[in-house]
Amino acid sequence: MKNVIKTEQTGRSMVEMLGVLAIIGVLSVGGISGYSKAMAKFKLTKVQDQLSMMIMNIRTAYATSPGYPKLDTALVAKNKLASQEMVVGSGSTATLMHALGGGTLVSAITANGIQEAGFSIVLSGLGRDACVSLLSSDWGTDGMLGITAVSTNVTTAPTSLPTSNIVKPADLPVSYSDALSACTSDSENSITWYYN
C-alpha cells in the first residue's frame, strides 16, 4: 500500500497581505484626519459655549449692582461664574483656561468714563482658524460694547474700553476677510470682548 501525502497550502500570499495593509493604512489616515477635524470643531463649539455661559453668568451675578466692582479672573473662578472645567488652581491664584488650551482673562473696565461700568473677557492662545471663526461669529449686540483682536497673546485683561481698533456693535459681526486680516498668527491670537 502506498502512502500518498497530499499537501495543500492555505492562507494568503505576501502580496495579498501587503495589499490589505496598504488599504488599512489609507483608511487609517483618512479616519485620523476626519477625527482631528471633528475634535477641532467640537473644541471650538465648546469655547463658544464657555464664553456665552460666562458672559451670561457675570451679567446675572451683577444684575442688581450698578457696575462690576472688583470683577477679575480669580473672582469669576471662585464664584463659579465660569465653567468649572475652565478653572485651574484655586483661591486668589485661580486662572481660567478655555477648551482650546489658551488663557482666559476677565476684568472690570472703565466704560463711558465710569469706572467698573463694564467688563472685558480675553481669550488668548488661539490658532488662526479658531480666531477667525470666533471673531466672525455673531455674538449679538445686547450689552456688547465692542470686540478687538490682536495677533499676540494678551497677558493682562484691559481695564478700559479702547478708543481705536475696536469693532463697535453696529459693525458686527466681523466679516470673514476682516477676521483673516486681524488673526495673522498661527497660534498666538487673542480676542477681547467688551460688555456693560
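Everything discussed here concerns the structure shown above.
Now for a quick tour of the structure. (Residues numbered from 1 in each chain as written. Predicted model: local features only at pLDDT ≥ 70, side-chain atom pairs only at ≥ 80, totals over all residues. Heavy atoms only, no water.)

**A closer look at the sheet that holds strand β1 (residues 87–88)**
The criterion, for reference: When DSSP finds at least two bridges between two strands, those strands are taken to pair. Only runs of H or I of at least four residues qualify as helices and only runs of E of at least two qualify as strands under DSSP, and these elements are numbered from the N terminus.
Strand order in the open sheet formed by 6 strands is β1-β2-β3-β4-β6-β5, with antiparallel pairing between adjacent strands. Every interior strand has two partners, whereas the edge strands, β1 and β5 (144–150), have only one. Taken together, the 2 bridges between β1 and strand β2 (residues 95–97) define a ladder with antiparallel strand orientation. Bridging across to β2, Val87 finds its partner in Leu96.

**What about helix α1 (residues 14–61)?**
Just so we agree on the cut-off: By this rule the span expected of a helix is its residue count minus one, scaled by 1.5 Å. Type-normalised accessible area, obtained with a 1.4 Å probe on protein chains alone, sets the label of each residue: buried when under 20%, exposed when over 50%, and partly exposed for intermediate values. Working rule for contacts: check all heavy atoms of both residues, and any pair within 4.5 Å makes them a contact.
Under the 1.5 Å per step criterion, the end-to-end length of α1 is 68 Å for 48 residues, consistent within 8% with the ideal 70 Å. Residues of α1 that are buried: Leu44, Val47, Gln50, Leu51, Met54, Ile55 and Ile58. Contacts made by the buried residues of α1 are with α2 (73–78), β2, β3 (103–111), β4 (114–126), α3 (128–135) and β6 (189–195).

**Observations regarding the state of the cysteines**
Working definition: the covalent bond between the sulfur atoms of two cysteines is a disulfide. Just so we agree on the cut-off: Put simply, a disulfide is two cysteine sulfurs that come within 2.5 Å.
Counted under the stated rule, the structure contains 1 disulfide. Bridging Cys131 to Cys183, the disulfide has an S-S length of 2.0 Å. On the sign convention where negative means left-handed, the S-S torsion of about -60 degrees between Cys131 and Cys183 marks this disulfide as left-handed. Of this pair, Cys131 sits in helix α3 while Cys183 is found in the loop between α4 (176–182) and β6, placing the two residues 52 residues apart along the sequence. On the basis of relative accessibility, which here comes to 0%, the residue Cys131 falls in the buried class. Taking the relative accessible area as the measure of exposure, Cys183 reaches 0% and is therefore buried.

Shape descriptors only; they carry no functional weight alone.
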